[in-house]
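Structural features, examined
Below, each chain spelled out in residue letters.
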Amino acid sequence: MEVGSTETKAADPGVLLELWETARLEYDAASHLLHADGRGLDRSVALHLLRGWHALATIRARQCGLPDPEFGSFEVDREAELLSPISAKKRSSWEGSFEKIRHAALAAPWSDEPHEVDHKTLKLQLRFLGRCIAS
């Protein structure tokens, strides 16, 4: 299933459920990699987290009748309903850690730019994504 097309799609309950399942699978994959204590897998964890957020953002866009967000550039406003399970106090932590995982997930593997993410940031993003999926 293509999650990131630019076409506007109806909020079909079956499609929304598939997107939610995609978010859940990405969360599970990120959790497994993070807790397996695999060295050098931080970028993979970040990519799974970003895909999970993208699936949730796509659900929200479809519910609002908006075009699907582009994978490489989607934004989630700090006050968005999508983030309502995260307390207002912790949203600043979400914002900074989201940008770190986005940078790591989208970095070209051959880039000289560092694209590692610390485990604390990955665990924080994993908890935030889990809360938003569960709501």
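Here, the structure is the one placed above.
What you see is a predicted model; the values in this text were computed from it and never measured.

Some remarks on the packing of aromatic side chains
Per the stated rule, a full pass over the model turns up four aromatic pairs. Arranged with centres 6.5 Å apart and planes meeting at 90°, the rings of Trp53 and Phe98 form a pair that is edge-to-face. Of this pair, Trp53 sits in helix H2 (residues 42-63) while Phe98 is found in helix H3 (residues 91-106), placing the two residues 45 residues apart along the sequence. In this pair, the class of Trp53 matches that of Phe98, namely buried. Judged by centre distance (4.8 Å) and plane angle (15°), the ring pair of Trp94 and Phe98 falls under stacked. Pair noted here: Trp94 and Phe98 are both in helix H3, with a separation of four residues, about one helical turn.

Some points on the environment of Leu19
Among the secondary structure elements, Leu19 is positioned in helix H1 (residues 13-35). When its relative accessible area of 0% is taken as the criterion, Leu19 is described as buried. Counting along the chain gives 35 residues from Leu19 to His54, while the straight-line C-alpha distance between them is 9.3 Å.

Digging into a positive patch on the surface
On the surface, Lys89, Lys90, Lys123, Arg127 and Arg131 cluster together into a patch of positive charge. Here Arg127 is to be found in helix H4 (residues 119-134).

Describing H2
The end-to-end C-alpha distance of H2 is 32 Å, a good match for the 32 Å that 22 residues give at a rise of 1.5 Å each. Among the 22 residues of H2, 16 are classified as buried, and the element is accordingly described as predominantly covered. Gly65 sits one or two residues past H2 and shows a positive phi near 75°.

With respect to the pattern of salt bridges
On inspection of all chains with the given rule, the structure shows seven salt bridges. One salt bridge connects Glu79 with Arg91, and the closest N-O pair in it is separated by 3.6 Å. Separated by twelve residues along the polypeptide, Glu79 in the loop between H2 and H3 and Arg91 in helix H3 bring together distant segments of the chain. For Glu79, a relative accessible area of 59% puts it in the exposed group.

Focus on the nonpolar core
Counting residues in each nonpolar core, the largest one holds 33 residues, and the members touching the most others are Leu49, Trp53, Leu56, Trp94, Ile101 and Leu122. Sort the elements by how many residues they give to this core and H2 lands first, with nine residues. Not counting the four nearest positions on each side in its chain, Ile101 is found in contact with Ala46, Leu49, Leu50, Trp53, Val117, Thr121, Leu122 and Gln125.

Considerations on the packing of H3 against H4
Where H3 contacts H4, the two axes come as close as 9 Å, and the packing angle between them is 115°. Classified by the angle between their axes, H3 and H4 sit roughly perpendicular to one another. Viewed along their axes, H3 and H4 form a crossing whose handedness is left-handed. Together, Ser93, Trp94, Ser97, Phe98, Lys100 and Ile101 of H3 and Thr121, Leu122, Leu124, Gln125 and Phe128 of H4 make up the contact between the two elements. Here the contact of H3 with H4 is composed, by residue class, of six nonpolar, four polar and one charged.

Cut-off values and rules
Along each chain, numbering runs from 1 in the same order as the chain's sequence is written. Local features in a predicted model are, by the rule used here, given only for residues with pLDDT of at least 70; side-chain atom pairs are given and counted only at 80 or more, and totals for whole chains, interfaces and linings are based on all residues. Note that water and hydrogens are dropped before the side-chain values are worked out from all heavy atoms of the structure. Only rings of Phe, Tyr and Trp enter the pairing, Trp through its six-membered ring, and a pair is recorded when the two centres are within 6.5 Å. The plane angle decides the type: under 30 degrees is stacked, over 60 is edge-to-face, the rest tilted. The helix and strand labels rest on DSSP assignments: H or I over at least four residues marks a helix, E over at least two residues marks a strand, and numbering proceeds from the N terminus. Accessibility here uses a 1.4 Å probe with only protein chains present; expressed as a share of the type maximum, an area under 20% marks a residue as buried, one over 50% as exposed, and anything in between as partly exposed. Candidate patch residues must exceed 30% relative accessible area and have no salt bridge, after which like charges are joined if within 9 Å and Val, Leu, Ile, Met, Phe, Trp or Tyr side chains if within 5 Å. Only the protein chains shown count as cover for residues, with accessible areas throughout obtained via the Shrake-Rupley method and a probe of 1.4 Å. Each reported salt bridge corresponds to a side-chain nitrogen of Lys or Arg within 4 Å of a carboxyl oxygen of Asp or Glu. Two residue types count as positive, namely Lys and Arg, and two as negative, namely Asp and Glu; His and chain ends fall outside the count. By convention, the point assigned to a charge is CZ for Arg, NZ for Lys, CD for Glu and CG for Asp. In this scheme, a helix's expected span is set at 1.5 Å multiplied by one less than its residue total. Joining through side-chain atoms within 4.5 Å is the link that ties buried Ala, Val, Leu, Ile, Met, Phe, Trp, Tyr and Cys residues into a set, and such a set is a nonpolar core. Throughout, a contact is declared for two residues whenever any of their heavy atoms are within 4.5 Å. Helix axes are fitted only over the stretch in contact, all axes being lines through C-alpha atoms; the angle between N-to-C directions runs from 0 to 180 degrees. By the definition adopted for this analysis, an angle is roughly parallel if under 35 degrees, roughly antiparallel if over 145, roughly perpendicular if from 65 to 115, and oblique otherwise. Handedness of a crossing follows from how the near helix is turned relative to the far one, being left-handed for an anticlockwise turn of less than a right angle and right-handed for a clockwise one. Charged residues are taken to be Asp, Glu, Lys and Arg, nonpolar residues to be Ala, Val, Leu, Ile, Met, Phe, Trp, Tyr, Cys and Pro, and polar residues to be all remaining types, Gly included.

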